[in-house]
Amino acid sequence: MEEKRTSVFENGLIWFGAAVSIAEIITGTYLAPLGFTKGLLAILIGHVIGCIMLFLAGLIGGSMRKSAMETAKMSFGTEGALLFSVLNILQLAGWTAIMIFDGALAVNGIFPIGNWIWCTVIGALIILWILIGIKNLGKVNTAAMTALFLLTIVLCFVIFQNSSVPNVSGEDMTFGAAVELSVAMPLSWLPLISDYTREAQKPAAATAVSAVTYGLVSCWMYVIGMGAAIFTAESDVAQIMMKAGLGIAGLLIIVFSTVTTTFLDAYSAGVSSESLPGKINGKAVAIAVTVIGTLGAIFLPLYDITEFLYFIGSVFAPMIAIQIADFFILKKRDEHRSFNLPNLFLWLIGFILYRILMRVDIVVGNTLPDMVITILLCAAVNLMINRRNENIPSQTGSQTRYFSS
């Protein structure tokens, strides 16, 4: 029986749902000090950078029919890649908690019956999405995305219909910092996108549609948040909806956008767990992550996610940079070593470099320079190693095999 695969349209819907997010709207409000024109430019530049990387990451997994963490084994070794699987599961659990927290906080501003109740409702809906499964969500996602699309247009209209008096705060925000915050969201999806493109009927087309759809809709969410802060002097999405009299419509936007986005986090946590040793049930792990995230959202104060975004960038930007160099430049397609020590060391350099560049105001943010430098280092070092191995005399073949294994 032929395996069921997702269509290009279904992949587009998945990433539409990923982009329609309260977290993206909230992040957009941070850019208000730049003013609308400069803020919009920063959003566009950041998303172009981030979505190109997102496309390349998704193309690797789609081409190889492997999940994001399985593709990491091609660059870091079968055991070395476990580091990134564990870090990915942890960051996805963190995202699950943050998204449920933000969603519950916002919807409780419209219908104040208690944050913990809304956390529980959202968590239960995410588990329902997981049980339905990624391959069976076509009709459900179509209905949900249509509703979200229409309701988000209403929200956008409400914010910008009276936009004659901008309200720009005097808080400090450099253009480079704004670009980096715009890169941060697509960057946070880098270790996930292959979990979905590997299931696509047409991997290249599905990856392109996924990256473009996510980029456009994410820019839209950022602009909504920034516009709300500039033109309505209000950064609380729930309050904007209340003032606009959206009521039930506002609740639906918040609940469904939170569910469709957070489902991807929990689902990918399950997929990443399957790359760990032992027979692990990915769906059970996804449900467990949702439960843990729900409890975290209830009991932890998860208001500021800026440092969390930077941590994700510092871990996964150099990781995917090395994978890009290996796959597209060095044409590597497999890895039999337990640990690829040169690449693991290069990742550590990229991690440290990212943290250093965070202290430097660069007009294009610090993710792009970090990834470019890491890609060049990876290509150069691996070419030198390959050349050295080729020049070792044949009688020392056993030593050569030991060096590269």
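Residues numbered from 1 in each chain as written. Predicted model: local features only at pLDDT ≥ 70, side-chain atom pairs only at ≥ 80, totals over all residues. Heavy atoms only, no water.

- You'll find the protein entered in an unreviewed UniProt entry as Putative hydroxymethylpyrimidine transporter CytX, with [Clostridium] aminophilum given as the organism.
- According to its UniProt record, the protein has this under Subcellular location (unreviewed entry): "Membrane". (UniProt positions renumbered as here; feature names shortened; annotations may be inferred.)

### Some details on the overall build of the protein
Then comes step 1: In terms of regular secondary structure, the protein is built from 17 helices and zero strands.
Then comes step 2: Looking at the protein as a whole, 58% of its 405 residues qualify as buried. (Helix = DSSP H or I, 4+ residues; strand = E, 2+ residues; numbered from the N terminus. Buried < 20%, exposed > 50% of the residue type's maximum accessible area, 1.4 Å probe, protein only.)

### Here's the deal with the packing of helix 5 (residues 82-110) against helix 14 (residues 306-329)
Then comes step 1: The interhelical angle for the contact between helix 5 and helix 14, taken along N-to-C directions, is 150 degrees, at an axis separation of 12 Å. Classed by the angle they form, the pair helix 5 and helix 14 counts as roughly antiparallel. Note that helix 5 runs across helix 14; the crossing there is left-handed. The residues of helix 14 that touch helix 5, namely those facing Phe 84, Leu 87, Asn 88, Gln 91, Gly 94, Trp 95 and Ile 98, are Phe 308, Leu 309, Ile 312, Val 315, Phe 316 and Met 319.
Then comes step 2: Residue composition of the contact of helix 5 with helix 14, grouped by class: ten nonpolar, three polar and no charged. (Axes fitted to C-alpha atoms, helices over the stretch in contact; angles between N-to-C directions. Parallel < 35°, antiparallel > 145°, perpendicular 65-115°, else oblique. Left-handed = near helix turned anticlockwise from the far one by under 90°. Contact = heavy atoms within 4.5 Å. Nonpolar A, V, L, I, M, F, W, Y, C, P; charged D, E, K, R; others polar.)

### A word on helix 4 (residues 68-76)
Then comes step 1: Counting buried positions along helix 4 yields eight of nine residues, so the element is predominantly enclosed.
Then comes step 2: Along helix 4, the positions that sit buried rather than exposed are Ala 68, Met 69, Thr 71, Ala 72, Lys 73, Met 74, Ser 75 and Phe 76.
Then comes step 3: Those residues of helix 4 that are buried lie in contact with helix 3 (36-64), helix 5, helix 9 (194-197), helix 12 (248-273), helix 14 and helix 15 (341-357).
Then comes step 4: Once helix 4 finishes, Gly 77 follows within two positions and takes phi at roughly 95 degrees, a positive value.

### Let's talk about the pattern of salt bridges
Then comes step 1: Within the structure shown, the criterion is met by three salt bridges.
Then comes step 2: With a shortest N-O distance of 3.4 Å, Arg 198 and Glu 199 are connected by a salt bridge.
Then comes step 3: Of the residues examined, Arg 198 reaches a relative accessible area of 18% and is grouped as buried.
Then comes step 4: Taking the relative accessible area as the measure of exposure, Glu 199 reaches 9% and is therefore buried.
Then comes step 5: Across the salt bridge formed by Lys 332 and Asp 326, the nearest N and O atoms sit 3.5 Å from each other. The exposure classification of Lys 332 matches that of Asp 326, with both residues buried. (Salt bridge = Lys/Arg side-chain N within 4 Å of Asp/Glu carboxyl O.)

### Quick look at the nonpolar core
Then comes step 1: Formed by 118 residues in total, the largest nonpolar core has its most connected members in Trp 15, Phe 76, Trp 95, Met 185, Trp 189 and Tyr 214.
Then comes step 2: With 14 residues, helix 5 is the single largest residue contributor to this core.
Then comes step 3: With near-sequence residues (within four places) excluded, Phe 76 lies in contact with Ala 81, Phe 84, Met 319, Ile 322, Gln 323, Ser 338, Phe 339, Asn 340, Asn 343, Leu 344 and Trp 347. (Core = buried A, V, L, I, M, F, W, Y, C linked by side-chain atoms within 4.5 Å.)

### Examining the packing of aromatic side chains
Then comes step 1: As enumerated under the stated definition, the model contains 13 aromatic pairs in all.
Then comes step 2: Note on Trp 15 and Trp 189: the rings are 5.3 Å apart at their centroids and 85 degrees apart in plane angle, and the pair reads as edge-to-face. With a gap of 174 residues between them, Trp 15 in helix 1 (residues 8-19) and Trp 189 in the loop between helix 8 (175-188) and helix 9 connect regions that are remote in the sequence. Assigned by exposure class, Trp 15 and Trp 189 land together as buried. (Phe/Tyr/Trp six-rings, centres within 6.5 Å; stacked < 30°, edge-to-face > 60°.)

### Focus: the packing of helix 2 (residues 22-29) against helix 5
Then comes step 1: One way to put it is that helix 2 packs onto helix 5 with a least axis distance of 9 Å and a crossing angle of 80 degrees. Looking at the two axes, helix 2 sits roughly perpendicular to helix 5. Together, Ile 22, Ala 23 and Ile 26 of helix 2 and Trp 95, Met 99 and Asp 102 of helix 5 make up the contact between the two elements.
Then comes step 2: Each residue belonging to the contact of helix 2 with helix 5 can be placed in one class, and the counts come to five nonpolar, no polar and one charged.

### Quick notes on the environment of Val 271
Then comes step 1: Here Val 271 shows up in helix 12.
Then comes step 2: C-alpha separation for the pair Val 271 and Val 285, spaced 14 residues apart in sequence, amounts to 8.5 Å.
Then comes step 3: If we ignore the near neighbours within four places in the chain, the residues touching Val 271 are Ser 67, Asp 195 and Arg 198.

### Points about the environment of Val 285
Then comes step 1: Counting through the fold element by element, Val 285 comes out in helix 13 (residues 282-299).
Then comes step 2: Separated by twelve residues in the primary sequence, Val 285 and Ser 273 have C-alpha atoms spaced 7.2 Å apart.
Then comes step 3: The residues contacting Val 285, other than those within four sequence positions of it, are Ala 269, Gly 270, Ser 273 and Ile 280.

### Regarding unusual backbone geometry
Then comes step 1: We note that Arg 65 has phi near 55 degrees; this positive angle belongs to a residue other than glycine.
Then comes step 2: In this structure, Arg 65 sits in the loop between helix 3 and helix 4.
Then comes step 3: In this structure, Lys 331 takes a positive phi of about 60 degrees despite not being glycine.
Then comes step 4: For Lys 331, the position within the fold is in the loop between helix 14 and helix 15.
Then comes step 5: You can call Lys 331 exposed: its relative accessible area is 55%.

### Comments concerning a nonpolar patch on the surface
Then comes step 1: Together, Phe 345, Leu 348, Ile 349, Ile 352, Ile 356, Ile 373 and Leu 377 make up an exposed nonpolar region whose accessible area comes to about 590 Å².
Then comes step 2: Listing elements by their share of the nonpolar patch, those giving two or more residues are helix 15 and helix 16 (367-391).
Then comes step 3: Within the secondary structure, Ile 373 sits in helix 16.
Then comes step 4: For Ile 373, a relative accessible area of 37% translates into the label partly exposed. (Patch = residues over 30% accessible without salt bridge, like charges linked within 9 Å, V, L, I, M, F, W, Y side chains within 5 Å. Areas by Shrake-Rupley, 256 points an atom, 1.4 Å probe, with all protein chains shown as cover.)

### Digging into the side chain of Lys 332
Then comes step 1: Its place among the elements puts Lys 332 in the loop between helix 14 and helix 15.
Then comes step 2: On the basis of relative accessible area, Lys 332 is assigned to the buried category, the value being 17%.
Then comes step 3: For Lys 332, the residues in contact, after removing those within four places along its chain, are Met 74, Asp 326, Phe 327, Arg 337, Asn 340, Asn 343 and Asn 382.

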